[in-house]
Structures are given as C-alpha cells and as structure tokens.
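Working through the structure, step by step
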Amino acid sequence: MKIIGQKIKSSAGFTLLETLLYSVIFAVILSFTVVSFYQILGSHGQNQAKLIVQNEANFFMQKIIWAFSGAKTINQFSVSSSTLSFSIDKYNPSDNPIVFTFSGGGLNFSRGGGAPIRLSNNNVQITNIAGSYNPASGATPASLSLSFSVQSSSTDPNRQPISLQSKFYLRK
C-alpha cells in the first residue's frame, strides 16, 4: 500500500528560519554584553580617578592637621591670586618653621628650614585656594581658615573636584 500526498518530515536539524532567528537573538545578547563590559571598564577608570583625588585631599588635610597639633604660633600668612603660604612654629624647635605653600596647582611643604618637598603628585591639581589669618582676640586663640579644591589632572570632562575647607586653631 502506498500513501499518496503525505510528506515525510525529518527531525534531524533546524530550518533556515530557526537558524536565522537564533543567530539574531545571540547577536543581540552579545552586543548588550559587549556594551556593558565597556561601561564597566569606563566606570572603573572614573572611580579610580575619584579615589585618587579623595585620598590626596585627605592626605593634604592630615598633613595640615599634623602641623597644627602642637603649634604655638602662626608666623607668616600670605595670599595672592595664585599662591597661598603660611608658616607655623611648633613647640619642638628642630621642626621650626613648618611652611606650607599652595602654588602651581600643588602643595609644597618644608620644615626646619629645609628644601621644600612637593606633597601633591601629578594626578591631581589644587585650585580655588583661599584663606585668612585670624589673630588671637580675648579668649579666642589665633586661627587660620583655609579652603581649596582638589581635582583630577585628567582631561575627563566629568571630573568632579573635591572642595575642602577648615579652620585651624592654635591651642593655648
């Protein structure tokens, strides 16, 4: 007996339409994966630059706080359009004077009359430097008000500066 008009289907593979559909789905998934990977790499670089700026800013503030611990006098304070400098004497005479100079986008430090050492590195710039000296008045000790911004030296347009400001008092 012959069966006429019946097709024999083979289940041995995919049709051309199924293959194309799976290829398109795979390409879409792969493109999303590649885009996500590049975004993760980009954000890693931005986060690392931000971390460097935060660490440098904290380092600068800790150095200034260290200088003011045990300080007895503020000898000199000068500010111009691009430079701020101040000098401190501590109770330990071998360290005197301790001089901080904000200039050229960086922070320099010297103690005991030695050569200045640049505390900032090439990865950051210090900008928007401002400060004022407040002499002792009655029961209020002498103080120094400082504010400055630290930002990445990179050319990334999304870089965000970290602004710091503080008032440092001499202990009586």
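Presented here is an overview of the structure given in this document. (Residues numbered from 1 in each chain as written. Predicted model: local features only at pLDDT ≥ 70, side-chain atom pairs only at ≥ 80, totals over all residues. Heavy atoms only, no water.)

Moving on, we get to the nonpolar core. Ile64, Phe68, Phe86, Phe100, Phe148 and Val150 are the most contacted members of the largest nonpolar core, which totals 28 residues. At the level of secondary structure, the elements contributing two or more residues to this core comprise helix H1 (16-68), strand S1 (71-79), strand S2 (84-90), strand S3 (98-103), strand S4 (106-111), strand S6 (124-134), strand S7 (143-152) and strand S8 (162-169). At seven residues, H1 tops the list of elements feeding residues into this core. When near neighbours in sequence (up to four residues on either side) are disregarded, Phe86 contacts Ile64, Phe68, Gln76, Phe77, Ile98, Val99, Phe100, Phe102, Leu144 and Leu146. (Core = buried A, V, L, I, M, F, W, Y, C linked by side-chain atoms within 4.5 Å. Buried < 20%, exposed > 50% of the residue type's maximum accessible area, 1.4 Å probe, protein only. Helix = DSSP H or I, 4+ residues; strand = E, 2+ residues; numbered from the N terminus. Contact = heavy atoms within 4.5 Å.)

The next point concerns a nonpolar patch on the surface. There is a patch of nonpolar side chains on the surface, built from Phe26, Leu30, Val34, Phe37, Tyr38 and Leu41 and spanning about 640 Å² of accessible area. Here Val34 lies in helix H1. (Patch = residues over 30% accessible without salt bridge, like charges linked within 9 Å, V, L, I, M, F, W, Y side chains within 5 Å. Areas by Shrake-Rupley, 256 points an atom, 1.4 Å probe, with all protein chains shown as cover. Salt bridge = Lys/Arg side-chain N within 4 Å of Asp/Glu carboxyl O.)

Here Asp89 shows up in strand S2. Side chain to side chain, Asp89 and Asn75 meet in a polar contact 3.0 Å long. Those residues in contact with Asp89 that lie beyond four places of it in its chain are Ala71, Lys72, Thr73, Asn75, Asn96 and Pro97. (Polar contact = N/O pair within 3.5 Å; in protein donor to acceptor, adjacent residues only side chain to side chain.)

Time to look at H1. Between its terminal C-alpha atoms H1 stretches 78 Å, which fits the 78 Å expected from 53 residues at 1.5 Å a residue. Buried residues of H1: Val53, Glu56, Ala57, Phe60, Met61, Ile64, Ala67 and Phe68, and no others. In the segment just after H1, Gly70 is the residue with positive phi, at about 80°. (Expected span 1.5 Å × (residues − 1).)

The quantities given are spatial measurements derived from coordinates; they are silent on function.
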